[in-house]
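# Coordinate inspection notes
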Amino acid sequence: MLESGPKTSILLVTYNRSGLLARAGKSVLGQTFSDWELVVVDDSEGSETESALQPFCEKDRRIVYFHRERKGSIANASNFGLARARGEYVAILDDDDWWAD
C-alpha cells in the first residue's frame, strides 16, 4: 500500500540566512493545521543552515531538509523543492517570514 502524502507542502528556500530559520520554523510548528510537510531547500555554501535546522528535523519528521550541491537562482532552488514536495497543495514561506497564529 502506498503512503499518501501530506495535504500541504510548505516550501522554504534559503540562502545564507540561518539566523532567520528558527522563527520561520516555529511559526509553522505553531499552526493548528497539522497535515503538512516543510520542505527546506538550502542553496548556501556553508553548514550553518543545516545546524540551525537539525533540532527541528529531529523533533518533527514532517520537516525535510535538502542541501543543493549545485547552486543556482531562486527559481532553480524552488523547482528543486517542488520536485520533492509530496503535498496536494503548496504554500510558500520565505526564510525571512513567519506565519501568525
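Below is a summary of the structure that appears in this document. For clarity, every value in this text was computed on a predicted model and none was experimentally measured. (Residues numbered from 1 in each chain as written. Predicted model: local features only at pLDDT ≥ 70, side-chain atom pairs only at ≥ 80, totals over all residues. Heavy atoms only, no water.)

Our focus in this paragraph is empty space enclosed by the protein. Under the definition given, this model contains 1 cavity of 30 Å³ or more. By volume, the largest cavity amounts to about 40 Å³. As for the largest cavity, its lining consists of Leu 12, Leu 21, Ala 24, Gly 25, Leu 38, Val 40, Leu 53, Phe 56 and Ile 63. The element contributing the most residues to the lining of the largest cavity is helix H1 (residues 21-29), with 3 residues. Within the lining of the largest cavity, the residues separate by chemical class into 8 nonpolar, 1 polar and no charged. (1 Å grid on protein atoms, 1.4 Å probe; cavity = no way out; pocket = protein on both sides within 12 Å on 5 of 7 lines; lining within 4 Å. Points joined across faces, edges and corners; volume = space filled by probe spheres on them. Helix = DSSP H or I, 4+ residues; strand = E, 2+ residues; numbered from the N terminus. Nonpolar A, V, L, I, M, F, W, Y, C, P; charged D, E, K, R; others polar.)

It is worth spelling out the pattern of salt bridges at this point. Under the defined criterion, the tally for this structure stands at 6 salt bridges. In this structure, Asp 96 engages Arg 17 in a salt bridge whose closest nitrogen and oxygen atoms are separated by 3.4 Å. Pair noted here: Asp 96 is in the segment after strand S4 (89-92) and Arg 17 is in the loop between strand S1 (8-14) and H1, with a separation of 79 residues, a long-range link. Two residues, Asp 60 and Arg 62, come together in a salt bridge whose shortest N-O distance is 2.6 Å. By relative accessible area, Arg 62 is classed as partly exposed at 27%. Through salt bridges with shared partners, one network takes in Arg 17, Asp 95 and Asp 96. (Salt bridge = Lys/Arg side-chain N within 4 Å of Asp/Glu carboxyl O. Buried < 20%, exposed > 50% of the residue type's maximum accessible area, 1.4 Å probe, protein only.)

Tallying each qualifying case throughout the model produces 1 aromatic pair. When the ring of Phe 66 is compared with that of Phe 80, the centres are 6.0 Å apart and the planes differ by 80°; the resulting orientation is edge-to-face. Placement of the pair is Phe 66 in strand S3 (residues 63-67) and Phe 80 in helix H3 (residues 74-84), with a sequence separation of 14 residues. Its guanidinium or amino end placed over the ring of Trp 36, Arg 62 lies 3.8 Å from that ring's centre, counting from NZ or CZ. When the ring centre of Phe 80 is taken as origin, the NZ or CZ atom of Arg 84, which lies over that ring, is 3.5 Å away. (Phe/Tyr/Trp six-rings, centres within 6.5 Å; stacked < 30°, edge-to-face > 60°. Lys NZ or Arg CZ within 6 Å of the ring centre and 35° of its normal.)

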